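# A look at the structure
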Amino acid sequence: INILLQIDDISTINTISQVSRKWNEIANDNTVWHNLYISRWGELRDPVIRHQNHNYKYLYQKRLQLNKNWTELDVEPRLIIGHDDSVYCVQFDKNIIVSGSRDKSIKFWDIKTLECIKVLRYHQGSVLCLQYNENIVVSGSSDSTLIVWDFKTGQVLRILSGRHGHSAPVLDVRFNDKVIVSCSKDCTIKIWDLETGILKRTLHGHRAAVNAIHIHGDEVVSASGDCTLKLWNINTGECIREFNGHLRGLACVQYNGEIIASGSNDHTIKIWNAKTGQVIRTLEGKDGHTDLVRTLAFDNERIVSGSYDQSIKVWDIKTGKLLKNFKNAHGSWVFNVQIDASKIVSSSQDRKIAIWDFSGDIECVDTFLS
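Residues numbered from 1 in each chain as written. Predicted model: local features only at pLDDT ≥ 70, side-chain atom pairs only at ≥ 80, totals over all residues. Heavy atoms only, no water.

### Regarding the overall build of the protein chain
Here is the rule: Under the scheme used here, helices are H or I runs from DSSP no shorter than 4 residues and strands are E runs no shorter than 2 residues, and both carry numbers assigned from the N terminus. Based on C-alpha atoms, the radius of gyration is set beside the globule rule, defined as 2.2 Å times the residue count to the power 0.38. Three labels apply to residues, based on accessible area from a 1.4 Å probe with only protein chains included: buried if under 20% of the type maximum, exposed if over 50%, partly exposed otherwise in between. What makes two residues a contact is simply this: any of their non-hydrogen atoms within 4.5 Å. The method behind every accessible area is Shrake-Rupley, applied with a 1.4 Å probe, and residues are considered shielded solely by the protein chains displayed. Charged residues are defined here as Lys and Arg on the positive side and Asp and Glu on the negative side; His and the ends of the chain fall outside this count. Each charge is placed at NZ for Lys, CZ for Arg, CG for Asp and CD for Glu.
If you tally the helices and strands in the protein chain, you get 6 helices and 28 strands. Over its C-alpha trace the protein chain gives a radius of gyration of 21 Å, about what one expects of a compact globule, namely 21 Å for 370 residues. Viewed in the frame of its principal axes, the protein chain has a C-alpha envelope of about 75 × 45 × 45 Å. Out of the 370 residues in the protein chain, the part that is buried amounts to 55%. Counting contacts in the protein chain only where the partners sit at least 6 residues apart, residues at least 24 apart contribute 44% of the total. A total of about 16,800 Å² of accessible surface is found on the protein chain, and carbon and sulfur atoms cover 45% of it. Computed over 44 positive and 43 negative side-chain charges, the inter-centroid distance for the protein chain is 2 Å.

### Brief notes about the packing of aromatic side chains
Two measures describe an aromatic ring pair: the distance that separates the ring centres and the angle between the ring planes. Where we set the bar: A pair of aromatic rings is counted whenever rings of Phe, Tyr or Trp (Trp by its six-membered ring) have centres within 6.5 Å, and the orientation is called stacked for planes under 30 degrees apart, edge-to-face for over 60 and tilted otherwise.
With the rule as written, the count across this model stands at 15 aromatic pairs. Between Y308 and W333, the aromatic rings sit 3.9 Å apart at their centres with planes inclined by 5°, giving stacked as the arrangement. In this pair, Y308 sits in the loop between β23 (302-307) and β24 (312-316) while W333 sits in the loop between β25 (322-326) and β26 (334-339), placing the two residues 25 residues apart along the sequence. Overall, the relative accessible area of 17% leaves Y308 in the buried class.

### Looking at the nonpolar core
Our working definition: The criterion is simple. A nonpolar core is a set of buried Ala, Val, Leu, Ile, Met, Phe, Trp, Tyr and Cys residues joined through side-chain atoms within 4.5 Å.
Of all hydrophobic cores here, the largest spans 32 residues; its most connected members are I312, I344 and W356. For this core, the secondary structure elements donating two or more residues are α3 (30-41), α5 (56-72), β24, β26, β28 (352-357) and α6 (365-368).

### Some remarks on the sheet that holds strand β20 (residues 269-273)
Note the threshold: When DSSP finds two or more bridges between a pair of strands, those strands are recorded as paired. Helix axes are fitted to C-alpha atoms over the stretch in contact, other axes to C-alpha atoms as well, and angles between N-to-C directions run from 0 to 180 degrees.
The strand order β18-β19-β20-β21 describes an open sheet built from 4 strands, whose pairing is antiparallel. The open sheet has two edge strands with one neighbour each: β18 (250-255) and β21 (279-283). Neighbouring strand axes in the sheet, compared pairwise and without regard to direction, differ in orientation by 15° on average.

### Structural notes on the pattern of salt bridges
Any two side chains of opposite charge can pair, given that their charged atoms come close. Formally: Within this document, salt bridges are pairs made up of a side-chain nitrogen of Lys or Arg and a carboxyl oxygen of Asp or Glu, the two lying within 4 Å of each other.
As enumerated under the stated definition, the model contains 7 salt bridges in all. For the salt bridge of K343 with D340, the shortest nitrogen-to-oxygen distance reads 3.4 Å. Side by side, K343 and D340 carry an identical accessibility label, which is buried.

### Some remarks on α3
For the record, the criterion: Every helix has an expected span of 1.5 Å times one less than the residues it contains. Polar contacts here mean pairs of N or O atoms no more than 3.5 Å apart (in protein, one a potential hydrogen donor and the other a potential acceptor; neighbouring residues in sequence count only if both atoms are side-chain atoms).
Given a rise of 1.5 Å per residue, 12 residues ought to cover 16 Å, and the 16 Å separating the end C-alpha atoms of α3 matches this to within 8%. N-cap assignment for α3: the residue whose side-chain oxygen lies 2.8 Å from the backbone N of T31 is D29. One or two steps after α3, the chain reaches G42, where phi turns positive at roughly 85°.

### Concerning the sheet that holds strand β17 (residues 239-244)
Pairing is antiparallel across the open sheet formed by 4 strands, whose spatial order is β14-β15-β16-β17. Since the sheet does not close on itself, it has two edges, and those belong to β14 (210-216) and β17, each with one partner. The sheet shows a mean angle of 20° between the axes of neighbouring strands, direction not considered. Sheet analysis places β14 next to strand β15 (residues 219-224), joined by 6 bridges and oriented antiparallel. Pairing of I213 across the sheet is with S222, part of β15.

### Comments concerning the side chain of S359
Structurally, S359 can be placed in the loop between β28 and α6. Judged by its relative accessible area of 10%, S359 falls in the buried class. Sequence-distant contacts of S359, defined by excluding residues within four places in its chain, comprise L66, N69, S342 and V365.

### With respect to the pairing of strand β3 (residues 96-101)
The buried fraction of β3 is high, at 6 of 6 residues. The side-chain alternation of β3 yields two buried faces, one formed by I96, V98 and G100 and the other by I97, S99 and S101. In the sheet, strand β2 (residues 87-92) pairs with β3 via 5 bridges, with the strands oriented antiparallel. The partner of Q91 across the bridge, within β3, is V98. Between β2 and β3, which pair antiparallel one after the other, the connecting turn spans 3 residues. In sequence, β3 turns back onto strand β4 (residues 105-110) through a hairpin of 3 residues, with K104 there showing a positive phi of about 75°.

### Things to note about the packing of α3 against α5
Heads up, the rule is: Three classes are used: nonpolar for Ala, Val, Leu, Ile, Met, Phe, Trp, Tyr, Cys and Pro, charged for Asp, Glu, Lys and Arg, and polar for all others, with Gly counted as polar.
Interhelical geometry of α3 versus α5 gives an angle of 30° and a closest axis separation of 8 Å. Together, N30, W33, H34, L36, Y37, R40 and W41 of α3 and Y56, K57, L59, Y60, R63, L64 and N67 of α5 make up the contact between the two elements. Considered class by class, the residues forming the contact of α3 with α5 number 8 nonpolar, 3 polar and 3 charged.

### What to know about α5
Between its first and last C-alpha atoms α5 spans 24 Å; for 17 residues at 1.5 Å apiece the expected length is 24 Å, and the two agree. Where α5 begins, one side-chain oxygen reaches toward the backbone nitrogen of K57, 3.2 Å away; that side chain belongs to N55.

Here it is as structure tokens:
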């Protein structure tokens, strides 16, 4: 078994299993398949589920089937129609979807029944961005403020604004266990203490609106209308690297510590090596978007992008091949896409939230989800 634990190639394991009855028994050992599973997809994210007993060969096979579903299954979206205006941002988990809208509200939806289960109102303008965890929701608005809410009660815990706050709409927000990071049309990025709400520092350097940010560890990457990406150290405020290559302003970005994906008004998506600043791949051409790439999300398998051309596209992250193209995903501009292992949740100027579920008849999908 120790020898097989060094192997992370499923075809090799299958070949070994055919050598003899003894090798077949070893090759089907749950420890071997656990190792194969985590080498491809990582540990199961939910700590409660992770510590349960699982048949990892079964889970591996079901996860492969789920991957196949992303390209082969014809999926019709389930729709949530409950906001009174454009829906700018969404985040979801296996139980709920949280959305922010031009109607100034944040709404919580049951992901199975699609019922609205909670509404938060306090912003004086559009809710342009949000992030939540099990304790708090942080939202940013065209009213130039950030609000920290209690996740369970919906109570306003803190408003980040005033003399040290942003002087124009807050376009994106991210937080970790130490800081809240926000960016704005005022061309700045601000770093706030999560516990106290005190402003720690303001990052200057972009020459146009900072439209999107993404945190990984002690770093934040920013995407601006000035056509550049910048990678910053959160603790020092130092600009580590600048990324040049897009021909028009940037609208969206994601960073995982190794690669950065960005979407632009030049209609392309670029994948960058975060360490060198070099472009690994550009997604464009006949399969590409024909308008602003407003939003994207990626994992180890795929990139999903949404555009003002009203389409949502699914790409293979390793090859750049287009896997799926939802041509008229929404009736207007696509503002946000978020993904997990089994679904896309998207929002649009058409006031709708769409849920594209690739689970098919796989019953154990919740096991894969965070």
